[in-house]
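# Examining the three-dimensional arrangement
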Amino acid sequence: MNQEASEKKGLHGLGVSSGIAIGKAYLVERGRIHVEKHAVKDEQVEREISRFRHAIKNAHAQLSAIKETIPDDDVRRHAFIIDAHILMIQDEFFLKEVIETIKSKKVNAEWALDIVVTKFMSSFEKVADPYLRERGHDLDYIHQRLLRIMTERTGSGIYHKSIKGKAIIVAHDLSPADTIQINLEKTSGFVTDVGGRTSHTSIVARALEIPAVVGLGNITGIVSDGDTLIIDGDSGTVIINPTKEVQKEYLAKHAQLTAQRREFLRLGKLRAETQDGFKMRIGANVELLAELDIVERYGAEGVGLYRTEYIYLSSKTLPTEMDHYHIYRKLAENKALKYTTIRTLDIGGDKFVSEVEVPKEINPAMGLRAIRLCIKEMDLFKAQLRGILRASVYGPLKILFPMVSGMEEVKKAKAILRECMDELKNEHVPFDEEIRVGIMVEVPSTCMITDLLADEVDFFSIGTNDLIQYTLAIDRVNEYVSYLYEPLHPAVLRMIKKTVDDAHAHRIDVAICGEMAGEPLYVPILLGLELDEMSMNAYAIPRVKKIIRGLRHAYCKDLVKQLLANDSPKESERLVRQEMARLFPDDFGSAYQE
Ligand code: PEP
Ligand code: MG
């Protein structure tokens, strides 16, 4: 879509962090230092030249040091590349060009360097010889190294300086390293070309309550630095250079959302109890320690699902036992949390960690993933389990195994846990010997034997995202079959009911932690199904609490009875919408009507 069209209709991506942001765009290239132009006064010219000279000296020292660390083997033969880089930064012509540019154009050293490098690069690109053309990359590499040195010297990076107030970061994607360079306090929104709900940008944005829209395709190609942007993190809309009227409309929406948030924070503090006294435990789904503040403010009692994949995603190397320990200890020691359920690594399927080798599979959702992979990669698994156990003396932690498909897996995972416990005992490391161990119920085979599994574990947690995928045989990330993703399918509801009944018959707890748990529309159903805990994205908690407090449990049980017998999920959905619009006209009025 061109810019003109986008002004009227907006671009659409995936809204991954709620809220409205209106501000100036700030383009960030992935993994690269962004250069800003500053005019310098006559008396500052010398200072810029000396900054540049200093950067050259430092780069020389850095490159020489890198050369020294290259082992004396085959790789050493390629050290000539570093020599070439050293020669380039000492090239008289290059140095003179940059210094002359600072003097003549009266600009900062970074900008002068950028002008010269761009000029040299375009000459390289015109060269017919492919080898020489490739040398343009070396120049680019040196350019980035020099910029990095210069920006380190000026403090926390050069982002945002040219923009007054807060900026909306526009990027192809943001790696954890990119995010470190961004001044988050001066960031009012994120928009990216790629990404999904669990991409790094989305997780950070949600944790910090910064509106974000990802997966926009080519927003970096359309937006320019300094453009005014409106982003709507709920609908996934991005508007470039909006008219005054559109800005006014969104400012009003922003004010409304701010008032609503205030009300939510009030609601979050209330108890999750129906009018006839049925109490529900409310947990939060968490991916980052930085989210804990929000978890508390939005009214969760504990963490019902701590997804640990992010620990692996955010580190260049595999996390060690002690890396795990430090993170889990922070969770255990958090006084605002009555409990934290740590789910062991659940990669594969739609979640990947580049450092863990997962075989290329035709159908990864059904492949070597989650607990299957952990049982095979024992060292990886044990590092995590030992980390959890070490932290367990500091507060109430629980362990949750994902993607279990049968009893054998549970027994194997527990045997490995027992082995970790024995090792720690021998090493005189204290841990909670009574730590509770549960499994995710998210594969139909597991659901069919919950009566047997209930003797083996301390609790169940139903993962409806996967349970629906595997029960209805639809890929949860495949848009072509998303119309079949029906939480109210009687097969799904019956599976939840069976799991709850079996758990309660064996006196164990059962939670639900899929996205379904955070959808206000489904609250009466989950209450009627008599789950013990609903765990959800923290922002969903206040609305869910509000609905719980407005319902009667007896009514919910009757409603569930009807739905369990209804063969049409569409009809069930219609009935629930109609009922909720009747009971909560303010919340489920027109927006929820078909
Ligand atoms: C689920 O499958 O419902 C779940 C909570 O886990 P995830 O979304 O991480 O697979
Ligand atoms: Mg799952």
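Quick summary incoming for the structure in this document. (Residues numbered from 1 in each chain as written. Chains lettered and ligands numbered in written order. Predicted model: local features only at pLDDT ≥ 70, side-chain atom pairs only at ≥ 80, totals over all residues. Heavy atoms only, no water.)

### Comments concerning the side chain of Asp232
Residue position: Asp232 is located in strand E7 (residues 228–232). Using a relative accessible area of 1% as the deciding quantity, one classes Asp232 as buried. In this structure the side chain of Asp232 is engaged in a polar contact, spanning 2.9 Å, whose partner is the backbone nitrogen of Asp234. Setting aside residues up to four positions removed in sequence, Asp232 forms contacts with Gly19, Ile20, Val213, Thr237, Tyr250 and Lys253. (Helix = DSSP H or I, 4+ residues; strand = E, 2+ residues; numbered from the N terminus. Buried < 20%, exposed > 50% of the residue type's maximum accessible area, 1.4 Å probe, protein only. Polar contact = N/O pair within 3.5 Å; in protein donor to acceptor, adjacent residues only side chain to side chain. Contact = heavy atoms within 4.5 Å.)

### A word on the coordination of the magnesium ion (ligand 2)
Distances from the magnesium ion (ligand 2) to its protein donors, Glu442 (OE) and Asp466 (OD), fall at 2.1 to 2.2 Å. Highlighted residues: Glu442 in the loop between strand E13 (436–441) and helix H17 (444–448) and Asp466 in helix H19 (residues 464–471), separated in sequence by 24 residues. Of the two residues examined, Glu442 and Asp466, each falls in the buried class. (Donors = N, O, S within 2.8 Å, 3.2 Å for Na, K, Ca; no water.)

### Some thoughts on the packing of aromatic side chains
Taken as a whole and assessed by the stated rule, the structure comprises seven aromatic pairs. Here Phe52 and Phe94 contribute two aromatic rings whose centre-to-centre distance is 6.4 Å and whose plane-to-plane angle is 70 degrees, an arrangement assigned as edge-to-face. With Phe52 in helix H2 (residues 45–69) and Phe94 in helix H4 (residues 92–105), the pair connects residues that are 42 residues apart, well separated along the chain. With a relative accessible area of 1%, Phe52 lands in the buried category. Owing to a relative accessible area of 4%, Phe94 belongs among the buried residues under this scheme. (Phe/Tyr/Trp six-rings, centres within 6.5 Å; stacked < 30°, edge-to-face > 60°.)

### Some points on the sheet that holds strand E8 (residues 237–240)
The eight strands lie next to each other as E1-E8-E7-E3-E4-E5-E6-E2, forming an open sheet whose pairing is mixed. In this open sheet, the two edge strands, each paired with only one partner strand, are strand E1 (11–12) and strand E2 (14–17). (Pairing = 2+ DSSP bridges.)

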